[in-house]
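Letter by letter, the chains look like this.
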Number of protein chains: 2
Amino acid sequence: MTENDETTDDIVEATYCALCECGYAGLTMQDIADRSETSKSALHYHYDTKHDLLLAFLDHLYDSFEERFATDPDADPLDRLAAVVAEALDEADDEERRDLRTAMLEIRAQAPYDDAFRDHLDKFDEYIAAEVREIVADGVEAGVFRDDTDPEALAEFVVTVFDGAHVRSISTGRLLSATREHLAEYVERDLLADADREVEFS
Amino acid sequence: MTENDETTDDIVEATYCALCECGYAGLTMQDIADRSETSKSALHYHYDTKHDLLLAFLDHLYDSFEERFATDPDADPLDRLAAVVAEALDEADDEERRDLRTAMLEIRAQAPYDDAFRDHLDKFDEYIAAEVREIVADGVEAGVFRDDTDPEALAEFVVTVFDGAHVRSISTGRLLSATREHLAEYVERDLLADADREVEFS
């Protein structure tokens with residue numbers, strides 16, 4: 001690991017902590033420097049503005065996001081779908097993860113005013129949609145899912161459900177488990193070719 | 001209409017315009033006063049803080065929301081559901097309505113840090129959920145909807161889908177029509193008792 005990599009990792013980690021603890025709205029470069037080995041002036045050397053730094057942070061987050069959501073193409077399509085649902089709708093019992101989701105919703109709410117945020121955030125939804133689309137298409141081909149399923153439309157719908165569950169969970173504290181259960185019922189009824197197979201997303 | 005009512009209406013209208021034009025994040029009392037017949041000092045006489053004013057604004061918005069979403073209890077349950085979907089997921093071609101939704105998402109993203117916002121916003125989701133729950137229960141009773149439907153769970157799911165469609169529409173510009181179409185398919189397959197009846201939400 002080069003010194004530069006170490007600095008980047010340190011800044012990304014500090015941004016993560018600062019977002020969790022302070023939220024996005026009032027976040028300053030000083031809040032990030034306070035949680036970092038890097039001084040505020042060195043932060044400014046690496047990133048001109050808070051905005052640049054946050055975009056770099058979103059890039060790093062996206063890399064870990066890809067790792068978390070990738071599924072094994074050879075596994076059973078229903079198991080792969082269950083893994084995606086479990087990852088997307090886990091209750092995030094640990095406080096830090098909840099706090100990050102909260103800060104991400106703030107950034108999302110700024111996306112209409114900020115094309116760079118918008119482009120970066122779009123990639124997250126697009127990645128999950130592509131993953132679900134592929135899983136569903138594989139499942140249809142394997143005869144596990146109904147052959148009248150439109151993978152594209154279903155994937156878009158699933159991502160919409162994920163986003164809705166998150167926004168309700170963050171802003172009004174609804175449990176994600178209700179959405180998991182309803183999605184499981186939906187998949188059992190509408191997606192599975194075998195009417196007797198049971199689905200549980202936990 | 002008393003003078004007081006007129007002032008309230010003026011302030012609510014000005015807040016609406018200011019939110020649409022300026023968004024929530026940087027909104028000031030001056031922005032609102034600039035769009036109002038009421039001076040900034042008079043604004044402060046009526047509302048101590050911007051926060052108080054926004055809560056009053058949310059109350060007014062909620063009243064119009066109730067009017068928009070109420071359906072005729074004697075109408076066909078599927079038509080009532082279609083009316084709710086059409087109202088919740090209309091494309092909001094007029095710019096002002098889109099801008100208001102954008103500002104509302106910003107307020108929503110602040111809800112985790114602000115119990116009063118959270119309580120106020122919860123009422124909106126709760127109102128739609130209650131309306132859908134009642135429509136579905138009436139439809140089950142009338143034999144229009146399948147009798148193995150859980151009105152409570154379905155209503156929560158529908159509100160989650162509405163919220164997800166909005167957040168995607170606002171933050172990444174997805175069309176709401178895709179969600180309307182998928183919901184129609186879902187209702188046709190999973191909710192209607194009569195397998196031959198077709199559903200279109202437009």
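Observations regarding the confidence of the model for chain A
For chain A, per-residue confidence averages 92 on the pLDDT scale, and 99% of positions sit at 70 or higher. Both scores are given for the predicted complex: the pTM is 0.94, the ipTM 0.93.

Considerations on the interface of chain A and chain B
Size of an interface: often given as the accessible area lost when the parts come together. Counting from both sides, the interface comprises 41 residues of chain A and, opposite them, 41 residues of chain B. In this assembly, chain A packs against chain B so that about 3,700 Å² is buried in total across both faces, 52% of it on carbon and sulfur atoms. For Glu156(A), the salt bridge identified is with Arg174(B), shortest N-O distance 3.1 Å. At the boundary of chain A with chain B, the tally comes to 22 residue pairs in polar contact (both at pLDDT 80 or more).

As for the relation of the copies chain A and chain B
In the superposition of chain A on chain B (RMSD 0.0 Å, axial shift 0.0 Å), the rotation amounts to 180 degrees. On the angle and the small slide along the axis, the relation comes out as a two-fold axis. When C-alpha positions in chain A are compared against the rotation axis, the closest is assigned to Gly164(A), at 1.7 Å. Both copies present the same face, since 100% of the interface residues in chain A are matched by interface residues at the equivalent positions in chain B.

Notes on the packing of helix H8 (residues 151–172) of chain B against helix H9 (residues 177–191) of chain B
Residues and elements named next belong to chain B. Running from N to C, H8 and H9 cross one another at 165 degrees; their axes reach a closest spacing of 11 Å. As far as their axial angle goes, H9 and H8 are roughly antiparallel. At the point where H8 passes H9, the crossing takes the right-handed sense. Contacts between H8 and H9 involve Leu154, Phe157, Val161, Phe162 and Ala165 from the first element and Thr179, Leu183, Tyr186 and Leu191 from the second. Taken together, the residues of the contact of H8 with H9 break down into eight nonpolar, one polar and no charged.

Brief notes about the side chain of Arg168(B)
The residue Arg168(B) is located in helix H8 in this model. Polar contacts involving the side chain of Arg168(B) include one to the side chain of Glu156(A), which spans 3.0 Å. Among residues more than four places away in sequence, those in contact with Arg168(B) are Arg108(A), Asp125(A), Glu156(A), Val159(A), Thr160(A), Asp163(A), Gly173(B) and Arg174(B).

Some words on the pattern of salt bridges
If you walk through the whole model with that rule in mind, you get 45 salt bridges over all chains. Across the pair Arg168(A) and Asp163(B) runs a salt bridge whose closest N-O atoms are separated by 3.7 Å. Taken together, the residues span two chains, with Arg168(A) in helix H8 (residues 151–172) and Asp163(B) in helix H8. Pair check on accessibility: Arg168(A) and Asp163(B) agree, each one buried. Close ionic contact of Arg97(B) with Asp90(B) constitutes a salt bridge, the shortest N to O distance being 3.4 Å. The exposure class assigned to Arg97(B) is partly exposed, which follows from its relative accessible area of 23%. The exposure class assigned to Asp90(B) is partly exposed, which follows from its relative accessible area of 23%.

Rules behind the numbers
- Counting restarts for each chain: residues are numbered from 1 in the order of the written sequence.
- Ligands are numbered from 1 and chains lettered from A, in the order in which they are written.
- The predicted origin of the model limits local features to residues at a pLDDT of at least 70 and limits the giving and counting of side-chain atom pairs to 80 or more, whereas totals for whole chains, interfaces and linings rest on all residues.
- Only hydrogens and water are set aside when side-chain values are computed; all heavy atoms of the structure are taken into account.
- The quantity called pLDDT is the predictor's confidence in a given residue, expressed from 0 to 100.
- Working rule for contacts: check all heavy atoms of both residues, and any pair within 4.5 Å makes them a contact.
- Note: buried area is the sum, over both parts, of the accessible area (probe 1.4 Å) each one loses when the two are combined.
- Counted as salt bridges are all cases of a side-chain nitrogen of Lys or Arg within 4 Å of a carboxyl oxygen of Asp or Glu.
- Definition of a polar contact: a pair of N or O atoms within 3.5 Å, with one able to donate and the other able to accept a hydrogen when the atoms are protein atoms, and with sequence-neighbouring residues admitted only if both atoms are side-chain atoms.
- The copies are overlaid by a least-squares fit using only the C-alpha atoms of residues whose pLDDT is at least 70 in both copies.
- In this description, a line fitted to the C-alpha atoms serves as the axis of each element, helices being fitted only across the stretch in contact, and the angle between N-to-C directions of two axes falls anywhere from 0 to 180 degrees.
- Each helix corresponds to a stretch of at least 4 residues labelled H or I by DSSP, and each strand to a stretch of at least 2 residues labelled E; elements are numbered beginning at the N terminus.
- For classification purposes, an angle smaller than 35 degrees is called roughly parallel, one larger than 145 roughly antiparallel, one from 65 to 115 roughly perpendicular, and anything else oblique.
- We call a crossing left-handed when the near helix sits turned anticlockwise from the far one by less than a right angle, and right-handed when that turn is clockwise.
- Residues are grouped as follows: Ala, Val, Leu, Ile, Met, Phe, Trp, Tyr, Cys and Pro are nonpolar; Asp, Glu, Lys and Arg are charged; all remaining types, including Gly, are polar.
- For each residue, the accessible area found with a 1.4 Å probe, counting protein chains only, is set against the maximum for its type, and the residue is called buried under 20%, exposed over 50%, and partly exposed in between.

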